[in-house]
Amino acid sequence: SASLEEDLQRIEAQLAGVDLKKAPWVSLEDLIRSSWRILDQLVGLLGAAELVLSEERIREYHDRPMSRVQALLLRGRSEGAFRADQPDEWQVACFYAILHAAAAEVRIGRLAEDAASQVIPATIRALLLPADDATNGQS
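Residues numbered from 1 in each chain as written. Predicted model: local features only at pLDDT ≥ 70, side-chain atom pairs only at ≥ 80, totals over all residues. Heavy atoms only, no water.

Peer 1: I'd love a proper account of the confidence of the model for the chain, names of residues and values included.
Peer 2: Here the chain averages 85 in pLDDT, and 93% of its residues register 70 or above. Mean pLDDT in the chain bottoms out at helix α6 (residues 131–135), which sits at 67, and peaks at helix α5 (residues 113–128), which reaches 94. (pLDDT = per-residue confidence, 0-100. Helix = DSSP H or I, 4+ residues; strand = E, 2+ residues; numbered from the N terminus.)

Spelled out as structure tokens, the structure:
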């Protein structure tokens, strides 16, 4: 239990260390590139943690990274960088679904890790581009 808690704290410190004060797209790409592998580890640890930690403690470890992503998305929306025509909770859920899916694809060998580092940010960029930017040039 103590070792599990230490692992969770180490992962949280790594995720919290990403500078999210840069331009929204730069911050988002930094966050993705530095954390998609770590988030996959976190999910595995949280599964094990369910056996030994309180529900409240597990929720804390789960909610901290999500709240950082949500804050970045909201800032990007307010600056006009990210689309604002979808619920931010949905965009956060999609963000994590993409990261988890990519990690799973790398784990089973269907996606090379170096390709994942390019594909993940591009996929999330497509998700978050304002609607008029996403349709420009497509007729």
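Peer 1: How would you summarise helix α3 (residues 55–78) if you had to cite specific residues and measurements?
Peer 2: Spanning 24 residues, α3 covers 33 Å between terminal C-alpha atoms, matching the ideal 34 Å at 1.5 Å per step. At D63, α3 shows its maximal bend, which comes to roughly 30°, and the proline P65 appears one to four places after that position. I58, Y61, P65, R68, V69, L72, L73, G76 and R77 are the residues of α3 that are buried. Note on α3: the residue one or two positions beyond its end, G80, has a positive phi of about 80°. (Expected span 1.5 Å × (residues − 1). Bend = angle between axes of the 7 residues up to and from the residue. Buried < 20%, exposed > 50% of the residue type's maximum accessible area, 1.4 Å probe, protein only.)

Peer 1: Can you tell me about the nonpolar core, naming the residues and giving the values?
Peer 2: The biggest cluster of nonpolar side chains holds 39 residues, and the ones touching the most others in it are L8, L28, F95, I120, I124 and L128. When contributions to this core are tallied by element, the ones reaching two or more residues are α1 (2–16), α2 (24–49), α3, α4 (88–107) and α5. A total of ten residues in this core trace back to one element, the largest contributor, which is α2. (Core = buried A, V, L, I, M, F, W, Y, C linked by side-chain atoms within 4.5 Å.)

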